[in-house]
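Structural overview for review
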Amino acid sequence: MSRLMWPLAVFLLLAALLALGMRRDPRTLPSALIDRPLPAFEHQLLDDPALRFSPQSMRGQVWLLNVWASWCEPCRDELPTLRQLGGRDHMALVGLNYKDQLPAARALLGRVGNPYQLSAVDQEGRTGLDLGVQGVPETFVIDAQGRVRYRHQGPVTEQVWRERLMPVVRALQ
Amino acid sequence: MTVDRTSRRAVVAARRGASAWASERVACVLLLAAALASPGAALAGPPASASSPPLAALTSEDERLAAREAQLAHQLRCVVCQNQTIAESNAPLAADMRAVVREQLHAGRSDADILAFFEARYGAFIRYSPPWTASTWLLWLGPFVVLALGTAVLFGTLRRRQLALSSAADVRTSAEVTHHADEATLSPQDPALEFPR
C-alpha cells in the first residue's frame, strides 16, 4: 500500500499544480511598472491638437489611464461600460489613443459616446512601449503621487470594474 | 478569430524571415569568401577617390551596428507572440521594438543598456533566455533536480531488488539445508515476483 502512496501523492501534487497553471492566461503578464512612477509623456489631445496632456497635471488624485484604439474591437466593446461606470463612480478617466487614425478615433467616440475626460494621442506607440503595453486595451490605476498601482489587460467589464479596479481605487482614496 | 489569423500570419512571416535570413547569411559568406580569395583584384582596382575611405568606414560601422541589432533582436521576446523573439516576429509591436533597438544603438548605448531599457518596461520576461533570479532558479535547476530524484529512485529500487533477491536465495539455501519443506513454496515459478519484505 505504501508503495503506491508515494507515486499517487506525487501525481496528485503535479496534477494540482498543472490544473492551477491551466487556469492562468499566459498572455497576461504582471506589469513591471507596479509601484513605480508612471513614465512621463506629453501628447496632443485627440479633441484639440493645440492642447497637450502630461500626467503631471493629474497629481493629487487617483485616476485611470486607459490605452485604446479605434481599430481594436475589445476597446470598442468596453467604451460604453467605461462611460457608464466611470460616470456613476465619478472616476477620473484619461484615454491614451494608441497608434490610431485620428479621424477614425474621433468618429468612434462621436458614435458610441466619449467616456474620457480627455484622450492623449500616442501616434508612434512610444508611450505605450514605455508603459509596457502588450496589446490594447489596457487600464492602469495611478495613485495621487503619480505611481502605477495596478494594470488590467483586456477589456474592462462590469465585473472587472467592480472586482479589480474599484477595490484598488478605493484603497488608495 | 483575428488573433489566430494574425498569429498564423506571423508564423508564415517568421518562416519567410528565417529563410531570408539564411539566404542573407549565405550571401554574406559568399561575399566574404570572394573578398578573401581576391586580395589582388582589390589592389589592382582603380585608385580610391578622396571620398571613399570615410564612406567605407561608415558602412563598416553600419554593418557592425546592424549585427548588434540582429543579435539583440534575437535576445528579446516578442510579448505579443510569446514564443518568438522580436527578430522572428512580424507583429507591429515587435517592429516598434526593433526600431527602438536600432535608434538606441545609433545613439551609442550599450547592449546591456538596451536590454535593461526593455526589462524596466516589460519585466524579466522580455529576455528570451530568462536571467538567473530568485524567481527563476527553480526553472533553471528544476530539470536537474528531477533528474537527480529519478536517478536516486532508480538506484534505490535496484538496490532493494538486489537485496531482496540475495536474501531470497539465502532463505532458499538455508531452507534446503535444514528442512525438507514443500517444494512449491521454496522454488516458486518466478522468484522475482515474491520477495520477502
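What this report covers is the structure whose coordinates are included nearby. (Residues numbered from 1 in each chain as written. Chains lettered and ligands numbered in written order. Predicted model: local features only at pLDDT ≥ 70, side-chain atom pairs only at ≥ 80, totals over all residues. Heavy atoms only, no water.)

**Some details on the interface of chain A and chain B**
Rule in force here: The contact definition used throughout considers only heavy atoms, calling two residues in contact when any of these lie within 4.5 Å. When two parts are brought into contact, each loses some accessible area as probed by a 1.4 Å sphere; the total of that loss over both is the buried area. A pairing counts as a salt bridge when a side-chain nitrogen of Lys or Arg comes within 4 Å of a carboxyl oxygen of Asp or Glu. Counting of polar contacts relies on pairs of N or O atoms within 3.5 Å, with two restrictions inside protein: one atom must be capable of donating a hydrogen and the other of accepting it, and residues adjacent in sequence are counted only when both atoms are side-chain atoms. Strands are runs of DSSP state E lasting at least 2 residues, helices are runs of H or I lasting at least 4, and numbering of each runs from the N terminus.
Tallying the contact residues gives 18 residues for chain A and 21 residues for chain B. Among the residues chain A hides against chain B, the three largest losses belong to Arg126, Leu129 and Gln134 of chain A. Together they make up 37% of the total. Linking chain A with chain B are three salt bridges. Residue Glu103 of chain B pairs with Arg126 of chain A through a salt bridge whose shortest N-O separation is 2.9 Å. Viewed at the interface, chain B and chain A are joined by six residue pairs in polar contact (both at pLDDT 80 or more). Per-element accounting of the side of chain A that touches chain B gives the leading share, four residues, to helix 4 (residues 126–130) of chain A.

**Here we look at the state of the cysteines**
For the record, the criterion: Disulfides are defined as cysteine sulfur pairs within 2.5 Å. A 1.4 Å probe rolled over the protein chains alone gives each residue an accessible area, and that area as a share of the maximum for its type sets the label: buried under 20%, exposed over 50%, partly exposed in between.
Counted under the stated rule, the structure contains one disulfide over all chains. With its sulfur 2.2 Å from that of its partner, Cys72 of chain A forms a disulfide with Cys75 of chain A. Classification of the bridge connecting Cys72 of chain A and Cys75 of chain A rests on its S-S torsion, roughly 85 degrees, and on that basis the disulfide is right-handed. Here Cys72 of chain A matches Cys75 of chain A in class, with each residue buried. The structure places no disulfide on Cys78 of chain B, whose sulfur is separated from the nearest cysteine sulfur, that of Cys81 of chain B, by 3.1 Å.

**Some words on the nonpolar core**
The cut-off we apply is this: In this description, a nonpolar core means a group of buried Ala, Val, Leu, Ile, Met, Phe, Trp, Tyr and Cys residues linked to one another through side-chain atoms lying within 4.5 Å.
Counting residues in hydrophobic clusters, the biggest one holds 70 residues, and the most contacted among them are Phe53, Trp63, Leu65, Leu131 and Trp161 of chain A together with Phe118 of chain B. For Leu65 of chain A, the contacting residues outside a window of four places in its chain are Leu38, Phe41, Val94, Gly95, Leu96, Leu131, Glu138, Thr139, Phe140 and Ile142 of chain A.

**As for the sheet that holds strand 7 (residues 148–153) of chain A**
What holds strands together in a sheet is hydrogen bonding between their backbones, with the strands either parallel or antiparallel. Residue and element names in this part refer to chain A. Using the following cut-off: A pair of strands is considered paired only if DSSP assigns at least 2 bridges between the two. Axis lines are fitted to C-alpha atoms, over the contacting stretch for helices. Their N-to-C directions set the angle, which ranges from 0 to 180 degrees.
Strand order across the open sheet formed by five strands is 5-4-3-6-7, with mixed pairing between neighbours. This sheet does not close on itself; its edge strands, each paired only once, are strand 5 (118–122) and strand 7. On average, adjacent strands in this sheet sit at an angle of 20 degrees to one another, irrespective of strand direction. Helix 3 (residues 102–112) contacts strand 3 (63–68), strand 4 (92–98) and strand 5 of the sheet and is inclined by roughly 120 degrees relative to strand 3.

**Notes on unusual backbone geometry**
Residue and element names in this part refer to chain A. Cis geometry is adopted by the peptide bond preceding Pro137, which originates at Val136 and carries an omega value of -5 degrees. At Asp35, a residue that is not glycine, the phi angle is positive and equals roughly 70 degrees. Looking at the secondary structure, you find Asp35 in the loop between helix 1 (2–22) and strand 1 (43–44). A relative accessible area of 47% means that Asp35 is categorised as partly exposed. Despite not being glycine, Lys99 shows a phi value in the positive range, around 45 degrees. Turning to its location among the elements, Lys99 is positioned in the loop between strand 4 and helix 3.

Keep in mind that these numbers describe shape and distance, not what the molecule does.
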